[in-house]
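Descriptive analysis of the structure
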Amino acid sequence: MTEVATGRVRTGDGRWHEADQVFICAGQDFETLYPLVFAESGITRCKLQMMRTAAQPARLGASLCAGLTLTHYKAFEKLPGLPALRKRFEAEMPEYLRWGIHVLVSQNQIGEVTLGDTHEYGLHHDPFERAELNDLVIKYLETFCRLPKPQITETWHGIYPKMTNGKNWFHHEPEPGVTILNGLGGAGMTLSFGLAENVVKSF
Ligand SMILES: Cc1cc2nc3c(=O)[nH]c(=O)nc-3n(C[C@H](O)[C@H](O)[C@H](O)COP(=O)(O)OP(=O)(O)OC[C@H]3O[C@@H](n4cnc5c(N)ncnc54)[C@H](O)[C@@H]3O)c2cc1C
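Worth saying up front: this structure is predicted, and the values here are computed from it rather than measured.

Let's talk about the overall build of the chain
When helices and strands are counted, the chain shows six helices and 11 strands. Expressed along its principal axes, the backbone C-alpha trace of the chain runs to roughly 55 × 40 × 35 Å. Entry remark: accessible area of the chain is about 12300 Å², with carbon and sulfur atoms responsible for 55%. Side chains of the chain carry 20 positive and 23 negative charges; the gap between the two charge centres is 6 Å.

Structural notes on the site of the ligand
Inspection of the region around the ligand gives 17 residues, with Met1, Gly185, Gly186, Gly188 and Thr190 positioned closest. With respect to the ligand, the backbone of Gly188 contributes an N or O atom lying 3.3 Å from an oxygen atom. Computed on the free molecule, the ligand has an accessible area of 1000 Å², of which 61% lies beneath the protein chains in the complex. In this structure the site holding the ligand corresponds to the largest pocket.

Some thoughts on helix 6 (residues 188–201)
Count 3.6 residues to each turn of an α-helix, and residues three or four apart come out pointing the same way. Under the 1.5 Å per step criterion, the end-to-end length of helix 6 is 19 Å for 14 residues, consistent within 8% with the ideal 20 Å. Listed in full, the buried residues belonging to helix 6 are Gly188, Leu195 and Val199. Buried residues belonging to helix 6 abut strand 4 (22–24), strand 10 (170–175) and strand 11 (178–182).

Brief notes about the domain arrangement of the chain
Domains assigned within the chain are domain 1 (3–42 + 165–201) and domain 2 (44–161). Taking the mean C-alpha position of each, domain 1 and domain 2 sit 29 Å from one another. Contacts between the two partners involve 11 residues from domain 1 and, on the opposite side, seven residues from domain 2. Regarding the contact of domain 1 and domain 2, the summed buried area is about 690 Å², with carbon and sulfur atoms giving 50% of it. Among the residues domain 1 hides against domain 2, the three largest losses belong to Gln28, Phe38 and Gly186. Together they make up 57% of the total.

Let's talk about the sheet that holds strand 3 (residues 16–18)
Strand order across the open sheet formed by three strands is 1-2-3, with antiparallel pairing between neighbours. Only two strands of the sheet have a single neighbouring strand rather than two, namely strand 1 (3–5) and strand 3. Averaged over all adjacent pairs, the angle separating strand axes in this sheet is 20 degrees, with direction ignored. With three bridges joining them, strand 2 (residues 8–10) and strand 3 adopt antiparallel strand pairing. The residue of strand 3 that forms the bridge with Arg10 is Trp16.

Comments concerning the sheet that holds strand 4
Strand order in the open sheet formed by three strands is 4-11-10, with mixed pairing between adjacent strands. Every other strand in the sheet has two partners, leaving strand 4 and strand 10 as the edge strands with one partner each. The average undirected angle you get between the axes of adjacent strands in this sheet is 25 degrees. Where strand 10 and strand 11 come together, four bridges link them in antiparallel fashion. Paired with His171 across the bridge in strand 11 is Leu181.

What about the nonpolar core?
Among the nonpolar cores identified, the biggest contains 19 residues, and Tyr96, Ile101, Val103, Tyr140 and Leu141 are the most heavily contacted of them. Put simply, the parts of the chain that give this core at least two residues each are strand 7 (113–116) and helix 5 (131–141). A total of five residues in this core trace back to one element, the largest contributor, which is helix 5. Beyond its immediate chain neighbours, meaning those up to four positions away, Tyr96 contacts Leu68, Ile101, Leu136, Lys139 and Tyr140. Formed by 14 residues, the second largest nonpolar core is a distinct cluster that contains Val4, Leu33, Phe38 and Met163.

Examining unusual backbone geometry
The residue after Gly116, namely Asp117, is reached through a cis peptide bond having omega 5 degrees. Position of Asp117 relative to the elements: it lies in the loop between strand 7 and strand 8 (120–121).

Analysis parameters
Residues numbered from 1 in each chain as written. Predicted model: local features only at pLDDT ≥ 70, side-chain atom pairs only at ≥ 80, totals over all residues. Heavy atoms only, no water. Helix = DSSP H or I, 4+ residues; strand = E, 2+ residues; numbered from the N terminus. Areas by Shrake-Rupley, 256 points an atom, 1.4 Å probe, with all protein chains shown as cover. Lys, Arg positive; Asp, Glu negative; His and termini not counted. Charge placed at Lys NZ, Arg CZ, Asp CG, Glu CD. Near = heavy atom within 4 Å. Polar contact = N/O pair within 3.5 Å; in protein donor to acceptor, adjacent residues only side chain to side chain. 1 Å grid on protein atoms, 1.4 Å probe; cavity = no way out; pocket = protein on both sides within 12 Å on 5 of 7 lines; lining within 4 Å. Sits in = over half its atoms within 2 Å of the grid points. Expected span 1.5 Å × (residues − 1). Buried < 20%, exposed > 50% of the residue type's maximum accessible area, 1.4 Å probe, protein only. Contact = heavy atoms within 4.5 Å. Domains from an automatic or database assignment. Buried area = accessible area lost by both parts, 1.4 Å probe. Pairing = 2+ DSSP bridges. Axes fitted to C-alpha atoms, helices over the stretch in contact; angles between N-to-C directions. Core = buried A, V, L, I, M, F, W, Y, C linked by side-chain atoms within 4.5 Å.

Here it is as structure tokens:
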């Protein structure tokens, strides 16, 4: 959609359509619909570099991660050993903390392995990827996983909107009958379906 007003939305072909309720879940692009709301939302953008290998000759069997992941997700913040682990990473691997690098390894149905990721924060990002960050990901991967076919065949980056004010998401009604739901950050694939159900139920 290119424009929204109470009770109606306009689509790319220029036509207006009626709607009792409008939900805007447009990820980082909601700025184009409500630029001022976006500017005041407390959202920034996170750029993540990702890689994929050639198909492996065998199944990995499980998704893998290692110690750096414990310092990345809030869900682990109450682990008693975490402060000591973080201190060690600060001393031995500061560049990993600086670029928000932790490594998740998962295999798809045709045997390729997806690897990521890095985290850079800011409203505007360079379209180029930093080769040295991908090298850091590979170097850390090699400390806990050796793939039979480690060749990287694809690299790309994704961007998600992320709250900077400590909230877990952005929920706002800019005008009657219009709801913006956004900013779920790096947990959006996990949380979105439950959140969507709760929000829709409340109408
Ligand atoms: C590289 C990467 C790794 C991630 N890893 C994880 C993970 O391991 N676990 C996890 O839980 N989450 C992860 N996430 C985060 C997760 O993908 C997002 O939080 C989630 O996709 C947000 O869902 P959404 O529906 O709000 O927005 P999106 O998935 O961004 O969907 C928004 C959709 O709206 C469309 N759109 C935009 N503007 C308009 C418009 N004007 N009109 C119509 N449509 C529009 C877009 O094309 C898009 O399809 C990751 C994200 C990235 C980029």
